Amino acid sequence: MKHFVVIANAYKDRNFALTNKIVAYIEQKGGTAKGLMSNVEAISDNEFELEDIPQDTQCILVLGGDGTLIRAATRVETLEIPLMGVNLGTLGYLCEVEEATVFDAIDSLMADKYMTEDRIMLTGHKRGSETSRVALNDIVIHRKGNLQILSLNVYVNGEFLNNYHADGIIVATPTGSTGYSMSAGGPIVDPKGDMILLTPNNAHNLTSKSIVLSGDDEIEIEILSRREQNDELACVSYDGDTTAELAVGDRFVISKAANHTKICKLHKRSFLEILRKKMGNYS
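Conventions and cut-offs
Residues numbered from 1 in each chain as written. Predicted model: local features only at pLDDT ≥ 70, side-chain atom pairs only at ≥ 80, totals over all residues. Heavy atoms only, no water. Helix = DSSP H or I, 4+ residues; strand = E, 2+ residues; numbered from the N terminus. Rg over C-alpha atoms; globule rule 2.2 N^0.38 Å. Buried < 20%, exposed > 50% of the residue type's maximum accessible area, 1.4 Å probe, protein only. Contact = heavy atoms within 4.5 Å. Areas by Shrake-Rupley, 256 points an atom, 1.4 Å probe, with all protein chains shown as cover. Lys, Arg positive; Asp, Glu negative; His and termini not counted. Charge placed at Lys NZ, Arg CZ, Asp CG, Glu CD. Polar contact = N/O pair within 3.5 Å; in protein donor to acceptor, adjacent residues only side chain to side chain. 1 Å grid on protein atoms, 1.4 Å probe; cavity = no way out; pocket = protein on both sides within 12 Å on 5 of 7 lines; lining within 4 Å. Points joined across faces, edges and corners; volume = space filled by probe spheres on them. Nonpolar A, V, L, I, M, F, W, Y, C, P; charged D, E, K, R; others polar. Salt bridge = Lys/Arg side-chain N within 4 Å of Asp/Glu carboxyl O.

Quick look at the overall build of the protein
- Across its full length, the protein carries five helices and 19 strands.
- Relative to the compact-globule value of 19 Å for 283 residues, the protein shows a C-alpha radius of gyration of 20 Å, a close match.
- Oriented by its inertia axes, the alpha-carbon framework of the protein measures out at about 70 × 40 × 35 Å.
- For the protein, with 283 residues in total, the buried portion stands at 49%.
- Contacts in the protein between residues far apart in sequence, at least 24 positions, make up 68% of those at least 6 positions apart.
- Of the roughly 13500 Å² that the protein leaves accessible, carbon and sulfur atoms contribute 46%.
- One finds the centroid of the 28 positive side-chain charges in the protein at a distance of 6 Å from the centroid of its 39 negative side-chain charges.

Some thoughts on the side chain of T123
- Structurally, T123 can be placed in strand β7 (residues 122-126).
- Among the polar contacts made by the side chain of T123, one reaches the main-chain carbonyl oxygen of R133 at a distance of 3.3 Å.

Here's the deal with empty space enclosed by the protein
- For the coordinates displayed, the defined rule picks out one cavity of 30 Å³ or more.
- Empty space within the largest cavity amounts to approximately 40 Å³.
- Taken together, A73, V76, E77, E80, I81, L83, H260, T261 and K262 form the lining of the largest cavity.
- Class assignment for the residues of the lining of the largest cavity results in four nonpolar, two polar and three charged.

A few points about the pattern of salt bridges
- One pass over the full model with this rule turns up 15 salt bridges.
- A salt bridge links R119 to E117, with the shortest nitrogen-to-oxygen separation between them at 3.0 Å. Each member of the pair, R119 together with E117, is buried.
- When salt bridges with common partners are traced through the structure, they connect R127, E220, E222 and R251 into a single cluster.

Some words on the side chain of S237
- Within the element layout of this structure, S237 appears in strand β16 (residues 233-238).
- A distance of 2.8 Å separates the side chain of S237 from the side chain of H142, its partner in a polar contact.

Okay, structure coming up:
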């Protein structure tokens, strides 16, 4: 491959110092590269748009951390361009490359010495609405306002599964199994898997466990009332970004998205090897 886009988190690549070095390096080796800005609330007017990505782009290098890569993946999901994360943060499961090895990684990419992994994504929408969004890690239904639990009915493919009294429900992809879902007691699964993880968050009983569903299943979550006022409110977050509000009686539908995220890989390291290395940073 020869044609690249570099998407940088401006907080982690100050003054785009590394971005500019990468662009110059690729051009020096006969390729093309374009630097774009990602995800800074204070300067969000400069956030990149799909139209900024040239049509001949073969790979997107994302400088920052897992969060920056996830945001970039959901913004460019319709393009299905492979992404490679360059970790400028602390702990990263998605970012294989570190700053110190980024130029060796570019050499490998330009020599076509790489593999790609397909990662499923989720799409969600409120029943009756045509507005939907995608998530690479998870879609979370969680309480809003006062510290009160939610009553949630969960249906799978139209069949009633369970009623949960909990702070919320986490619906995660295999990629997201090492994120919020793991913190709530969910299982860690191979990120290349085709499955959906359903994990209640702080459930108020002793029998609520995570459930692993098929990637082809459709999950529907209904907001019930626990008070006579019927005034409970919930929020929907896509990869940690809260974008919608739900009220009693609303139903929210989650399923596998039509597109996948493609992650470039340079080494044939097993998921267990990466997991062992990353988890060691916590000890």
